[in-house]
Amino acid sequence: MAKLFGTDGIRGQANRWPMTAEIATKVAMAAGKLLRQGHHRHRVVIGKDTRLSGYLFQPALTAGFVSIGMDVVILEPLPTPAVAMLTRSLRADLGVMISASHNPHQDNGIKLFGADGYKISDEMEAEIEASLDTVDGHVAPELLGRVRRLDDGPGRYIEFAKATFPKGLRLDGLKIVVDCANGAAYRVAPTVLWELGAEIVPIAVDPDGLNINRGCGATHIELLQQAVVAHGAHIGLALDGDADRVQLVDEKGRSIDGDQTLAAIARGWKAEGRLRGRNVVATVMSNMGLERWLAGEGLALARAKVGDRNVLEMMRELDANLGGEQSGHVILADYATTGDGLIAGLQVLAALVQAGKPASDVAHVFDPYPQLLKNVRFAGPPPLDDAKVKAAIAASEAALAKDGRLLIRKSGTEPLVRVMAEAGSDGLVAASVDRVVEALIAAGGTLAGGTKASAAASPSTDRAAAGDLPGYMRRRRTASPSVGQ
């Protein structure tokens, strides 16, 4: 049988293995039995995003936990970092987030957090998986767990997020477009920004269970780019489905990726004496431009494997308090135990207020190396040992040896091979990537979506106007968003 846990918990198409109600119930029983410690009443917090299938998995997980004697606290849709925070705040033994992050609504996933709010280890995941079909955890009827709903979960997270914004600062006078991806932050993110004083233009805040991440959010920022220019906003923030990542857009509609976000925060925190140590942690995907800029600031870029869990592990090893991914996962260890898109966005907004300059100055910190990423999809195992594929990789590595690099990796969440190159020349980068991609396609793959050129010109939004936008965006008001709406 295929491995159940991937790079970020369990993930797959809803109602198909491994994301079935039966598996969810077994995971709850196995995880609960493993992580119960002490003789107190054991408690688990269960959150979810806005996917329709969340209503399948939340009851299934609840049944599993109750059957082994764990009390369950049910949350309404909230970001992944809110679940991690509430797991600690409520002194729970375990936290569960039901989400497939930036994936479409058809997918869903299960992420597990320990009592400390950190994602559980690979070893714990392996132990849970090994005991799925053998766990014997049913308790006597009088020992069954109890279930309650936490009504003030959104309010707790809103106040937590606001407390990370520097004391004495306000967002008064800033117009901010916030794209919530029709996901978990659709209520809390606009509320936080408004209560801090901003004029907000919220978009993608009408989830229907099926539209999460659809043409919006951190992986589809075109809607945000148009809206920022059309509304004359100072900056735009796009969260993904579970709001653990953020992509920013400046007042000109230009993208600000996770590398630039890391640099902007690092610059501000270093100046304030808040940056711990000399290391900023990123991944093998981060741009060489970030690495060279940090070196010029007397700082070092420590590269982890892809995945926010790997970034966090390296941060803890190096005692660093800032790390993240180019995709927009930013971990601020002084505040959170996992990536938090809203809190990362607040740190950039603070830098904007303190500098008194436009986002195009504050958040474009370094000139990135030309970088190109293409994805190749396979129905079965990718043929990375194919002789022609290996020869293409070797040829591209040789071409990039002096002033660049090539990175080939299998996705941990999708049946993809990701091919990325960067160097000082656009032409060299494109030729290096295309050589490998063509070999992979010849070996049975197909070119997938997700092509990304980080140093290419951003799509022009200068001619965007309100008349070009969907009607719901033109009608959206900037009054206080209600948490209960």
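Just above sits the structure.
Just checking my understanding: could you explain the overall build of the chain for this structure?
A tally of helices and strands in the chain yields 15 helices and 19 strands. Rg of the C-alpha trace for the chain: 22 Å, near the compact-globule value of 23 Å for 485 residues, within the 12% margin. If you line up the chain on its principal axes, its C-alpha atoms span 70 × 60 × 45 Å. Taking as baseline every contact in the chain between residues at least 6 positions apart, the subset at least 24 positions apart corresponds to 72%. Distance from the positive charge centre (54 side chains) to the negative charge centre (56 side chains) of the chain: 1 Å.

Hey, could you run me through the side chain of S396 in this one?
In this structure, S396 sits in helix α13 (residues 387-400). The class for S396 is buried, based on a relative accessible area of 0%. In contact with S396, other than residues within four places in its own chain, are L406, S432, R435 and V436.

Would you mind going over the pairing of strand β3 (residues 71-74) with me for this structure?
Each regular strand displays side chains that alternate between the two surfaces of the sheet. Residue alternation in β3 divides its side chains into two sets, D71 and V73 and V72 and I74, and both sets are buried. The pairing of strand β2 (residues 43-48) with β3 spans 4 bridges and is parallel. Bridge pairing links V45 to V73 in β3. Taken together, β2, helix α2 (residues 54-67) and β3 form a β-α-β motif whose crossover is right-handed. Direction of pairing for β3 relative to strand β6 (residues 147-149): parallel, over a ladder of 3 bridges. Bridge pairing in β6 links V73 to R148.

How should I be thinking about the sheet that holds strand β10 (residues 246-250) in this particular structure?
For sheets, the rule is that strands pair by backbone hydrogen bonds, running either parallel or antiparallel. Ordered in space as β8-β7-β9-β10-β11, the 5 strands form an open sheet in which the pairing is mixed. Every other strand in the sheet has two partners, leaving β8 (199-203) and β11 (255-256) as the edge strands with one partner each. One ladder, built from 5 bridges, connects strand β7 (residues 175-179) with β8; its direction is parallel. Counterpart to I176 in the pairing with β8 is I200.

Hey, could you run me through the state of the cysteines in this one?
Covalent bonding between the sulfur atoms of two cysteines is what defines a disulfide. Evaluation of the coordinates by the stated rule reveals 0 disulfides. Here C180 stays unpaired: no disulfide links it, and the sulfur of C216, its closest cysteine neighbor, is 9.4 Å away. Its relative accessible area of 1% is what places C216 among the buried residues.

Is there a simple way to explain the environment of L342 in this structure?
Looking at the element boundaries, L342 is found in helix α11 (residues 341-355). In this structure the C-alpha to C-alpha distance between L342 and A238, which are 104 residues apart in sequence, comes to 9.1 Å. Beyond its immediate stretch of four places on either side in the chain, L342 contacts Y157, A161, A189, V192, L239 and A243.

For this particular structure, what's the right way to read a nonpolar patch on the surface?
On the surface, a nonpolar cluster with roughly 330 Å² of combined accessible area is contributed by L52, Y55 and L210. Positionally, L52 belongs in the loop between β2 and α2. Note on L52: relative accessible area 53%, which makes it exposed.

Any chance you could explain the nonpolar core here in plain terms?
Here is a general trend for soluble globular proteins: nonpolar side chains tend to be buried in one another's company. One finds L171, I176, L322 and L349 to be the most contacted residues of the largest nonpolar core, which totals 71 residues. No other element matches the 9 residues that α11 contributes to this core. The next biggest cluster of nonpolar side chains, apart from the first, holds 33 residues, and it includes L4, L35, I74 and I128.

I'm lost on the environment of S101 in this one. Help?
Here S101 is to be found in the loop between β4 (94-98) and β5 (107-114). Not counting chain neighbours up to four residues away, the residues in contact with S101 comprise R11, R51, K111, N213, D240, G241, D242 and D244.

Sorry if this is basic, but what is going on with the sheet that holds β6 here?
With respect to topology, 6 strands assemble into an open sheet ordered β1-β5-β4-β2-β3-β6, the strand pairing being mixed. Looking along the sheet, the strands with just one partner apiece sit at the ends: β1 (10-13) and β6. Pairwise comparison of adjacent strand axes, ignoring direction, gives a mean angle of 20° for this sheet. In this sheet, β4 lies alongside β2 in parallel orientation, the contact comprising 5 bridges. Pairing of K48 across the sheet is with I98, part of β4. Sitting on the sheet, α2 touches β2, β3, β4, β5 and β6, and the angle it makes with β2 is about 175°. Packing of helix α3 (residues 80-89) onto the sheet brings it into contact with β2, β4 and β5, and relative to β4 it is tilted by some 165°.

How do you make sense of the packing of helix α8 (residues 258-272) against α11 when you look at a structure like this?
If you want to describe how two helices pack, look at the angle between their axes and the distance between the axes. It is at 10 Å that the axes of α8 and α11 come closest, and there the two elements cross at 60°. It follows that α8 is oblique to α11 by the angle criterion. In this structure, α8 crosses over α11, and the sense of that crossing is left-handed. Residue-level contacts link T261, I265, W269 and E272 of α8 to A344, Q347, V348 and Q354 of α11. When its residues are assigned to classes, the contact of α8 with α11 shows 4 nonpolar, 3 polar and 1 charged.

Before we go on, may I ask you to explain the side chain of T338 in this structure?
Tracing the backbone through its elements, the reader meets T338 in the loop between β15 (330-332) and α11. For T338, a relative accessible area of 3% gives the class buried. The contacts of T338, once residues within four sequence positions are left out, are P81, A84, F113, K119, D308, V330 and I331.

Help me out: how do you make sense of helix α5 (residues 153-163) in this one?
In an α-helix, one turn spans 3.6 residues, which is why side chains three or four residues apart end up on the same side. Taken residue by residue, α5 has G153, P154, Y157, I158 and A161 as its buried positions. The buried side chains of α5 occupy one side of the element, clustering within an arc of 130° when seen end-on. Looking at the buried positions of α5, the neighbouring elements they touch are α3, α6 (188-195) and α11.

Each value, and the rule that gives it
Residues numbered from 1 in each chain as written. Predicted model: local features only at pLDDT ≥ 70, side-chain atom pairs only at ≥ 80, totals over all residues. Heavy atoms only, no water. Helix = DSSP H or I, 4+ residues; strand = E, 2+ residues; numbered from the N terminus. Rg over C-alpha atoms; globule rule 2.2 N^0.38 Å. Contact = heavy atoms within 4.5 Å. Lys, Arg positive; Asp, Glu negative; His and termini not counted. Charge placed at Lys NZ, Arg CZ, Asp CG, Glu CD. Buried < 20%, exposed > 50% of the residue type's maximum accessible area, 1.4 Å probe, protein only. Pairing = 2+ DSSP bridges. Right-handed = clockwise from strand over helix to strand, strands pointing away. Disulfide = S-S within 2.5 Å. Patch = residues over 30% accessible without salt bridge, like charges linked within 9 Å, V, L, I, M, F, W, Y side chains within 5 Å. Areas by Shrake-Rupley, 256 points an atom, 1.4 Å probe, with all protein chains shown as cover. Salt bridge = Lys/Arg side-chain N within 4 Å of Asp/Glu carboxyl O. Core = buried A, V, L, I, M, F, W, Y, C linked by side-chain atoms within 4.5 Å. Axes fitted to C-alpha atoms, helices over the stretch in contact; angles between N-to-C directions. Parallel < 35°, antiparallel > 145°, perpendicular 65-115°, else oblique. Left-handed = near helix turned anticlockwise from the far one by under 90°. Nonpolar A, V, L, I, M, F, W, Y, C, P; charged D, E, K, R; others polar. Arc of directions from axis to C-beta.

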